[in-house]
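Residue-level listing of the chains:
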Amino acid sequence: MDQDEPRGELVAAGATREKKRGILGFFGSIALFFRQVIAELRKVVTPTRKELIKFTAVVLVFVLIVMGIVYGLDTLFAWVTHVVFGVPGA
């Protein structure tokens, strides 16, 4: 399916003709916003249980890897700081 093809998506009324002024235009734009939100929510695909477990595992593994890198860098910088500045007389 080509993503560039129009599929009957809602377009702001001001895009094709002159914008309305006043209260009616304000509430009309709010209504248009909610219609567009609902149209976007209809495009959402809920992942299956298997996909959800796989995605969760990927995120947790990534977080653990980043935690390991941060811990390693923190330990390295603490050691370098201790070597460079050290405690005199200890």
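Residues numbered from 1 in each chain as written. Predicted model: local features only at pLDDT ≥ 70, side-chain atom pairs only at ≥ 80, totals over all residues. Heavy atoms only, no water.

### Quick word on the overall build of the protein
When helices and strands are tallied, the protein shows two helices and zero strands. When burial is assessed residue by residue, the protein has 1% of its 90 residues classed as buried. Counting only carbon and sulfur atoms, one obtains 69% of the accessible surface of the protein, whose full area is about 8,700 Å². (Helix = DSSP H or I, 4+ residues; strand = E, 2+ residues; numbered from the N terminus. Buried < 20%, exposed > 50% of the residue type's maximum accessible area, 1.4 Å probe, protein only. Areas by Shrake-Rupley, 256 points an atom, 1.4 Å probe, with all protein chains shown as cover.)

### Quick word on helix α2 (residues 49-85)
Between its terminal C-alpha atoms α2 stretches 53 Å, which fits the 54 Å expected from 37 residues at 1.5 Å a residue. Counting buried residues along α2, only zero of its 37 residues qualify, which leaves the element largely exposed. A positive phi of about 40° marks Gly-86, the residue just after α2. (Expected span 1.5 Å × (residues − 1).)

### Looking at a nonpolar patch on the surface
Nonpolar side chains collect at one region of the surface, where Val-61, Ile-65, Ile-69, Leu-73, Leu-76, Phe-77, Trp-79, Val-80, Val-83, Val-84 and Phe-85 lie side by side and expose about 1,100 Å² of accessible area between them. Among the secondary structure elements, Val-80 is positioned in helix α2. Val-80 sits in the partly exposed class, given a relative accessible area of 34%. (Patch = residues over 30% accessible without salt bridge, like charges linked within 9 Å, V, L, I, M, F, W, Y side chains within 5 Å. Salt bridge = Lys/Arg side-chain N within 4 Å of Asp/Glu carboxyl O.)

### Regarding the pattern of salt bridges
Applying the stated criterion across every chain, the model contains one salt bridge. Residues Glu-40 and Lys-43 are paired through a salt bridge, measuring 3.1 Å at the closest nitrogen-oxygen approach.

### Digging into the packing of aromatic side chains
Summed over all chains, the structure comprises two aromatic pairs. Where Phe-26 meets Phe-27, the ring centres are 5.3 Å apart and the plane angle is 70°; that geometry is what we call edge-to-face. With a centroid separation of 5.5 Å and an interplanar angle of 70°, the aromatic rings of Phe-33 and Phe-34 are classed as edge-to-face. Here Phe-33 falls in the partly exposed class, since its relative accessible area comes to 47%. (Phe/Tyr/Trp six-rings, centres within 6.5 Å; stacked < 30°, edge-to-face > 60°.)

Read these as layout, nothing more, since geometry by itself doesn't imply function.
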